[in-house]
Amino acid sequence: MMNSLLNNQRVLLTQSGVLVKSEQGLGLLTYSPFTSQIYAVHPTEAQEVLNWLSAPESQPPMEIYAKTLGPGWAAPLDEAKFPSPHLLPEVKMWSSLPMPRQPLVINWLITGRCPLACRYCYAEDLMRDDSREPRKEDISRIGESILSLNPLVVVLTGGDPLFSPHLEEAMQCLSGQAGIVVDTSGYTFTSKHIALFKKHRVAVRISFDSERPKINQYQRPLHPPYAKRETKNVPTAQAAIAALCMCLDAGIPVTVQTVATQKTANDLVALGDKLFRLGVRSWRIFKVAPSAARYDGYKELVGSVGKTKSGKRSDGPYKYVFQKVQEAYSNTWQQKMAVQVTYNETPNAVILVGPDGVFYSESNVMLGKTILDEVNPTMPSLDSICSKVNMTAHAERYLNVTKP
Amino acid sequence: MVRSTLIGNEATPSIPTQWRNSHQKQVTLGRSTLLRDIYRSLINSGRSYAAYTERDRKLLENLQDKQEILDPTSGYGLLTAFCSKMGISSYCVEFNMPQFYWQLLNNPTYVELTKSCTRMVLDFHGRWPRTTLRASFSENWYSIEGLDILKRIHALLIEAANQTFKHEDVAQDIALALLLPFCGRLSCQLPGDNSTHAKLGGLCVLNGWENDFYLYLNAILQRLEEVSVQAKPANHVMVLGDARTIELEQSRFAAMLTSPPYPNHRDFSSMFQPEHALLEQLGIEGSINSRQNALHIIGSNFVSGREKRYPKSKSAIRFLEDVQQVKRVKQAIYDDEKYYLPYFQHYFCDLEVAYANVAKALRPVFEGYVIVVNNTHRGLVVPVSDVITEIWLDLGFYAETYSSQEAFHIGTKNPRARGVRARHTEYAIKIWRS
C-alpha cells in the first residue's frame, strides 16, 4: 500500500497526523499540521519516512526527522528544529530541486471582503466585488476543483477569510484531504474561531508588519468604510497581537507574516526577537512585491530599491537587514522558530483561486493576474498550470529555498 | 545540568527546573533575553562603546602616587573600575541618572552588600509578580502591565536593599540601580536605527520575563564577583551631579582622568529614554525625560528652543566659521543653521563652563588627562582636542597633547562612512599645574 502511495501522487493523511504526497523527483512532500511546515524528504529516504509516519510507534530513520516532522506527535513541540531550506535529511543530498508536476500550495481567496486595506495588497483587484462572492453551494464546487489538483496545503485567504460566511464549509470540504491554513489580519478574530480551527487542525497565519502601532497602521490601515462602522478603533497591530496570543494560548500552530518595507526593515531583527520570546514558532518575511492592484502603494513602501539617481542599483535596506535576520536565525532562533524569507522576485510562482473560483497566477513582472486556463478557468488542467506557473519557483517558495 | 557557581541549590530551593536547566555556569545575557543591548554589553563585558580602553588605563600609571582621582563626566564609571584594581581612590561625577546608577551598582565599596541584596531578590522569587498575559502593547515606553510588574519588582528590590544596607538612602539607590538595567526587558521600545537609541512604542513580551530576570540577576552577581575579586582597598565616591554646576570641595583633587561626551550626535539622555521614563514614573527627581528640560546634558542634540550661546575658544569660533565657508547644498546649509552649528556652539560652551567649574576643585599642584576623539563634520575635523587644550590654558593650567592615535569609526553615526568621514583621532591631553 505504501509503495502504491509513492506512485500515485495523491495526498494521504498518515497515522501520525502528518499529510504526505509523493512527487516524482522531489520524493515525499510532507505537511505537519502541528508546526504548519512543509518539508521535502529526499527520494532515497521517502519510503522509510513514510513507513515511520504511518506507524507512529516505530522509530524514525534519522533523528532529524523526529525533530522536523515529529514535533507534536513523536516529540514535544519544544524540541522542534527548523532547518532551512526545508529539504531533508540535509540540503547537501539535493544537487538541484526538481520541478514538481502538481501544486504544493493553492491560495483560495474565499472572500473579497476585508476590514483592512493594506498598501501593498496584491489581491485588491479580486476584492470588494460582491458579484464575485461565492454562494454556499459554490464552496464545495470550488473546493473539489482545488482538491482535484492534489495540493498538499490549501491556504484560505482573501480578503480576510474570517469575513466569509462560508469558512466552515470550506474547511469541511478540505479537512483530511489537504493541510488547511487560514490567512488573517486577526482583526475580527474571536474564541469561536479557535474552536473551529482546532476541529479541522487548521494552522493560522497572522499578518503583522511592525510592533510600532503607527507604522503597522500606516501599512495596514482599516478599509475606510469598515473604519466608519468600527466603533472601538483598535489599532491593527494590537488586534493582530491579541489574535496571535489567543492562538498561542490555545496551542494552534501560528505563523506570523511580515511584509518588509523601507519603514519596517530596520526593525525586523528586534521584531523577530520579540516574536521568538512570545512563543511564535514560525515567521515568514516577505519583501514587498509590486502588484497591479496596488502599484502606488508599492512605490511608497519600497523606498530606494531599484535604480538610484546615480544609475547604480540599490538593494535598499533589504540586503543588509536580511543578512542580519539570517544571522539571528542561525545564532538564536533556529532552535525554536522557523524563518522563511520570501523575496518575491520570481514571477508566476503562486496559484490563486479567486472568490468566483477562477484560477490565476500573479506576475510581478507584467504586473497583473494571469488566468491559468482560458478554456476552463475554474478547473484548469495540470498542463495549463505547468505552462503558466513557474513550478520550480513555486517549489522553492514553499520549501524555503531562498535566493536573495 | 550545570548549576551556577554563584548560586547554590540550597540558596534557591524552589527555582523551577526549567530555569535551572537553562542556567549555565557562565551566564551571558543573549539577545533573546530582550534586555537592551547597551546593558547586555555592560553586564556581559563590563563596558560599552563609550568607555576607557586599556590604553587609557595606562595613563593612570602616571597618577599612581595621587590619593584620589577625579572624573567630572564619568559616564559608566570605568575610572572606578581601573582605580579599584590599582588601589587608588576615585571621585566620579555623572549627570545622566541611568549611567550614574550603573556606576553605583558596580561600586566596589558596596559590592559585597549589593551581592547579598541580589541574592535576596533571587530568594524572593516566590513573590515575584505573576502574569498570565503573553504580551501587552503601548504607544508609550511602558504598557500598564509592564509598568505594574516593574513597580512590584522595585518594591521587592527596596525590601531586599533595606534589609541589606544600613542607610535607607543607599538602599533606595541600590534598588534603582538593580532595576534600571532590567527595565528595558519590560518596556515597549525597540532598538533605534542608531543602535544606541530606542524607538518609542511597541510590544512588551511578558511571556517568560521571570526567566530573564533570573538570568539577569545571576549575570549581575557574576559581574559583581568580578568587581569584588579585582578590588583593592580604596574609597570610591560617586556623585549625581552636573559638571557645569556641581559645587566640589575647593582644591580637593590633585589628579583627574576624564573623557567628555563626544560631539558625535549621540545623545546620552536619548540613549536612556526608557530608563528615564521609568524614573519619571517612579517619581524619582532628576530624570531627563522631557525635551524641554533646561538642564540639557553635555552633547545633547536637542537644540530647538535653547538660547543661543557663543563659545569663547578661538579654535571653536574658527571651526564654526569654517563650516559656514564650506561649499554646501541648500539642504546642508539649512541643516547647519538649524541644527549643527547651534549643536556645536552648545557643546563647546558646555565644555568651557564645565571645566571652569571643575578647575576650582583642583589643587595648585595638579596633573590630569582628558581623552577625546576628534571626528568630522562636512569634511572638517571637529577640533575638540584643540578647544579643550585652549580652555585649560585659559584657566591658567599647562595643557598639551600627550599622545594621539588614528582611529576609525569611533562613535560614528554611519559605519559605512569612508575617507575623512571615517577618520577619528583619539587624543590624550595632559593638563598640569605646578
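Residues numbered from 1 in each chain as written. Chains lettered and ligands numbered in written order. Predicted model: local features only at pLDDT ≥ 70, side-chain atom pairs only at ≥ 80, totals over all residues. Heavy atoms only, no water.

(A) Expanded view of the packing of aromatic side chains. All names here are of chain B. Under the defined criterion, the tally for this structure stands at 31 aromatic pairs over all chains. A ring pair is formed by Trp-209 and Phe-213, whose centres lie 5.9 Å apart and whose planes are at 45°; its orientation type is tilted. Of this pair, Trp-209 and Phe-213 are both found in helix α9 (residues 209-230), 4 residues apart, which corresponds to roughly one turn of the helix. Phe-213 matches Trp-209 in its accessibility class, with the two residues each being buried. Between Phe-319 and Phe-344, the aromatic rings sit 5.2 Å apart at their centres with planes inclined by 90°, giving edge-to-face as the arrangement. Taken together, the residues span a long stretch of sequence, with Phe-319 in helix α12 (residues 314-325) and Phe-344 in helix α13 (residues 330-359) at a distance of 25 residues. The pair formed by Phe-319 and Phe-344 is uniform in burial state, with each residue classed as buried. Clustering of aromatic rings is evident, with ring pairs tying together Phe-319, Tyr-339, Tyr-340, Tyr-343, Phe-344, Tyr-347 and Phe-348. (Phe/Tyr/Trp six-rings, centres within 6.5 Å; stacked < 30°, edge-to-face > 60°. Helix = DSSP H or I, 4+ residues; strand = E, 2+ residues; numbered from the N terminus. Buried < 20%, exposed > 50% of the residue type's maximum accessible area, 1.4 Å probe, protein only.)

(B) Region of the structure containing the side chain of Arg-134 of chain B. Within the secondary structure, Arg-134 of chain B sits in the loop between α6 (111-123) and β3 (135-138). Overall, the relative accessible area of 18% leaves Arg-134 of chain B in the buried class. Each residue touching Arg-134 of chain B, except ones within four places of it in the same chain, is listed here: Cys-245, Leu-248, Asp-249, Leu-278 and Gly-279 of chain A together with Cys-204, Val-205, Leu-206 and Asn-207 of chain B. (Contact = heavy atoms within 4.5 Å.)

(C) How the structure looks around the environment of Gln-281 of chain B. All names here are of chain B. Here Gln-281 lies in helix α11 (residues 273-281). Since its relative accessible area comes to 44%, Gln-281 is described here as partly exposed. Spatially, the C-alpha atoms of Gln-281 and Lys-151 are 9.2 Å apart, while their sequence positions differ by 130 residues.

(D) Quick look at the nonpolar core. Counting 134 residues, the largest nonpolar core has Trp-108, Leu-156, Phe-197, Leu-244, Trp-283, Trp-333 and Leu-399 of chain A as its most contacted members. For this core, the element with the highest residue contribution is helix α9 (residues 236-250) of chain A, accounting for 10 residues. Non-local contacts of Leu-399 of chain A, meaning those with residues more than four positions away in its chain, are made with Leu-26, Leu-29, Ile-38, Tyr-39, Ala-40, Pro-85, His-86, Leu-87, Leu-97 and Leu-104 of chain A. With 129 residues, the next largest nonpolar core counts Leu-105, Ile-174, Leu-351 and Phe-366 of chain B among its residues. (Core = buried A, V, L, I, M, F, W, Y, C linked by side-chain atoms within 4.5 Å.)

(E) Focus on the layout of surface pockets. Estimates place the volume of the second largest pocket at around 1,100 Å³. In terms of lining residues, the second largest pocket is bounded by 40 residues, among which Asp-78, Phe-276, Arg-277, Arg-281 and Lys-336 of chain A are the most central. If you list the elements that add at least two residues to the lining of the second largest pocket, you get α9 and α10 (268-278) of chain A together with α1 (17-22) and α9 of chain B. (1 Å grid on protein atoms, 1.4 Å probe; cavity = no way out; pocket = protein on both sides within 12 Å on 5 of 7 lines; lining within 4 Å. Points joined across faces, edges and corners; volume = space filled by probe spheres on them.)

(F) View of the sheet that holds strand β2 (residues 19-23) of chain A. Residue and element names in this part refer to chain A. In space, the 5 strands of this open sheet follow the order β1-β2-β3-β4-β5, with mixed pairing throughout. This sheet does not close on itself; its edge strands, each paired only once, are β1 (12-13) and β5 (87-88). In this sheet, β2 lies alongside β1 in antiparallel orientation, the contact comprising 2 bridges. Note that in β2 the partner of Leu-12 across the bridge is Val-20. Strand contacts of helix α2 (residues 43-54): β2, β3 (27-32) and β4 (37-41), with the helix running at about 40° to β3, the strand carrying the most contacts. (Pairing = 2+ DSSP bridges. Axes fitted to C-alpha atoms, helices over the stretch in contact; angles between N-to-C directions.)

(G) Local environment of the interface of chain B and chain A. With 24 residues of chain B at the interface, the matching set in chain A holds 23 residues. Summed over both partners, the interface of chain B with chain A buries about 2,100 Å², with 59% contributed by carbon and sulfur atoms. On the chain B side of the interface with chain A, the three residues burying the most area are Arg-31, Arg-134 and Phe-137 of chain B, jointly 34% of the side's total. If you look at where chain B meets chain A, you find 4 salt bridges. Applying the counting rule to chain B against chain A returns 13 residue pairs in polar contact (both at pLDDT 80 or more). Of all elements in the fold, only β3, β4 (189-191), β5 (198-200) and β6 (202-205) of chain B reach the threshold of two or more residues within the side of chain B that touches chain A. For the side of chain B that touches chain A, the per-class residue count stands at 8 nonpolar, 9 polar and 7 charged. (Buried area = accessible area lost by both parts, 1.4 Å probe. Salt bridge = Lys/Arg side-chain N within 4 Å of Asp/Glu carboxyl O. Polar contact = N/O pair within 3.5 Å; in protein donor to acceptor, adjacent residues only side chain to side chain. Nonpolar A, V, L, I, M, F, W, Y, C, P; charged D, E, K, R; others polar.)

(H) Looking closely at the pattern of salt bridges. In the structure shown here, the tally under the stated rule is 37 salt bridges over all chains. In this structure, the salt-bridge partner of Glu-300 of chain A is Arg-119 of chain A, at a minimum N-O distance of 3.3 Å. Linking Glu-300 of chain A in helix α11 (residues 295-302) with Arg-119 of chain A in the loop between β6 (105-109) and α4 (136-147), this pair joins segments that are 181 residues apart in sequence. Between Asp-212 of chain B and Arg-277 of chain A there is a salt bridge, and its shortest N-O distance comes to 2.5 Å. Taken as a pair, Asp-212 of chain B in helix α9 and Arg-277 of chain A in helix α10 lie in two separate chains rather than in one. When sorted by exposure, Asp-212 of chain B lands in the same class as Arg-277 of chain A, which is buried. Residues joined by salt bridges that share partners form a network here, namely Arg-135, Glu-137, Asp-138 and Arg-141 of chain A.

(I) Just helix α14 (residues 384-394) of chain B, in detail. Residue and element names in this part refer to chain B. α14 sits mainly inside the fold: 8 of its 11 residues count as buried. When α14 is considered as a whole, its buried residues turn out to be Val-384, Ser-385, Val-387, Ile-388, Thr-389, Glu-390, Ile-391 and Trp-392. Gly-396 lies just past α14 and shows a positive phi near 95°.

(J) Just the environment of Ala-234 of chain B, in detail. All names here are of chain B. Topologically, Ala-234 is positioned in the loop between α9 and β7 (236-240). Judged by relative accessible area, which is 29%, Ala-234 ranks as partly exposed. Note: C-alpha distance between Ala-234 and Ala-354 (120 residues apart in sequence) is 27 Å. Once residues lying within four places of it in the same chain are set aside, the contact partners of Ala-234 are Gly-87, Ile-88 and Ser-89.

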